[in-house]
Amino acid sequence: MHKETFEVTDEYEEERLDKFLAAIYPEQSRSFFQKLIKDGLVSVNDVPQSKANYRMHIEDMVSVTIPDAVKTTILPEAIPLDILYEDDDVIIVNKPKDMVVHPCPGHYSGTLVNAIMYHCRENLSGINGEIRPGIVHRIDKDTTGSLIICKNDQSHRLIAEQIKVHSVNRLYRGIVKGIVKEDSGTIEGAIGRHPKDRKKMAINERNGKTAITHYRVIERLKDATYMEFKLETGRTHQIRVHMASIGHPLLGDTVYGSLKNPYHLQGQTLHAYIIGFVHPATGEYVEFKAPIPEYFEDLLNKLRKN
């Protein structure tokens with residue numbers, strides 16, 4: 001561990017403690033410092049400060065103890081991949097349900113990264129670091145479908161830029177609770193951390209980031225609606241939060257919907273159906289479609305019979 005102390009200057013007056021520390025250490029996230037604060041590793045004027053939202057004052061002396069980094073070795077694993085397309089620059093995979101995209105606490109094996117490290121060996125971009133080689137974007141553990149993996153840094157930079165300016169075409173399919181009356185529409189609502197449950201996202205106009213989801217109804221079923229979603233932005237849990245906000249959470253989503261799960265689903269019924277982007281090597285637009293998974297088709301057929 002190493003300890004450092006900083007004096008608060010006028011530019012940070014009334015700033016939150018966690019935001020102040022994230023500004024001092026731009027390579028770390030606010031959540032990293034929120035954990036340090038919770039663990040008693042941050043003090044203000046020699047007094048441990050337990051509140052991440054403590055407002056700074058000029059000439060406050062902030063001390064932070066940074067734990068030594070724990071080296072985690074991510075190993076290649078011979079996990080089967082459903083590859084939709086592959087060349088020297090990118091791989092498009094169809095991610096299955098119950099697979100985490102990149103390693104994180106509690107999931108250091110069995111992830112998509114473990115699988116692509118085995119498949120690609122050394123041919124993966126390194127921009128996102130050792131723990132996320134090749135990963136330029138992600139989808140949730142229980143969301144299935146198309147995902148871009150970058151095999152070199154040049155491809156990573158060019159794809160990341162498209163994602164940043166929202167030019168990647170991303171179409172999702174999902175089944176939501178209830179009957180959606182409008183044939184199509186747009187949901188706009190800034191998304192940020194839930195004010196009370198930090199593990200969840202929520203419509204948060206004050207602290208959230210702009211989020212826009214376009215939707216259309218494909219088929220109305222018994223007490224459910226089969227829908228297509230087009231993302232204009234790509235916030236964490238965006239479709240799940242937006243649909244829950246209008247009273248139509250995704251079936252199986254026990255985080256943003258009901259804890260009741262009459263169809264015994266494993267997480268939300270959401271599938272990344274189509275992904276399209278300008279190929280980093282050819283400069284041409286390419287598009288890939290991930291087949292609707294079997295569990296999804298089975299549920300649709302069951303709902304059609306009801």
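To be clear, the structure that these remarks concern was listed above.
The structure contained in this document is the topic of the report that follows. What you see is a predicted model; the values in this text were computed from it and never measured.

1. Description of the pattern of salt bridges
- Following the criterion strictly, the structure yields 13 salt bridges and no others.
- Its salt-bridge partner being D39, residue K35 comes within 2.8 Å of it at the nearest N-O pair.
- Residues D183 and R220 are paired through a salt bridge, measuring 2.8 Å at the closest nitrogen-oxygen approach. With D183 in the loop between β8 (169–177) and β9 (184–188) and R220 in strand β12 (residues 212–221), this pair connects stretches of sequence that are 37 residues apart.
- Overall, D183 belongs to the exposed group, its relative accessible area being 52%.
- Salt bridges here are not isolated pairs; linked through shared partners, they connect R138, D140, R240 and D253.

2. A word on helix α6 (residues 294–305)
- If you check α6, its first and last C-alpha atoms are 17 Å apart, about what 12 residues at 1.5 Å a residue would give, namely 16 Å.
- Turning to α6, its buried residues number three or more, namely F296, L299, L300 and L303. Take α6 and look down its axis: the buried residues cluster within an arc of 100°, on one side only. Those residues of α6 that are exposed and aimed more than 90 degrees away from the buried face are E294 and K305.
- For α6, the secondary structure elements touched by its buried residues are β8, β12, β13 (224–231) and β14 (270–278).

3. Comments concerning unusual backbone geometry
- The backbone of N45 shows a phi angle near 55°, a positive value even though the residue is not glycine.
- Tracing the backbone shows N45 in the loop between β2 (42–44) and β3 (47–48).
- Taking the relative accessible area as the measure of exposure, N45 reaches 39% and is therefore partly exposed.
- If you check the backbone angles, H237 has positive phi at about 60° while not being a glycine.
- One can find H237 in the loop between β13 and α5 (238–245).

4. Description of the environment of P195
- Note on placement: P195 falls in the loop between β10 (191–193) and β11 (201–203).
- Spatially, the C-alpha atom of P195 lies 26 Å from that of V47, the residues being 148 residues apart in sequence.

Criteria and cut-off values
Residues numbered from 1 in each chain as written. Predicted model: local features only at pLDDT ≥ 70, side-chain atom pairs only at ≥ 80, totals over all residues. Heavy atoms only, no water. Salt bridge = Lys/Arg side-chain N within 4 Å of Asp/Glu carboxyl O. Helix = DSSP H or I, 4+ residues; strand = E, 2+ residues; numbered from the N terminus. Buried < 20%, exposed > 50% of the residue type's maximum accessible area, 1.4 Å probe, protein only. Expected span 1.5 Å × (residues − 1). Arc of directions from axis to C-beta. Contact = heavy atoms within 4.5 Å.

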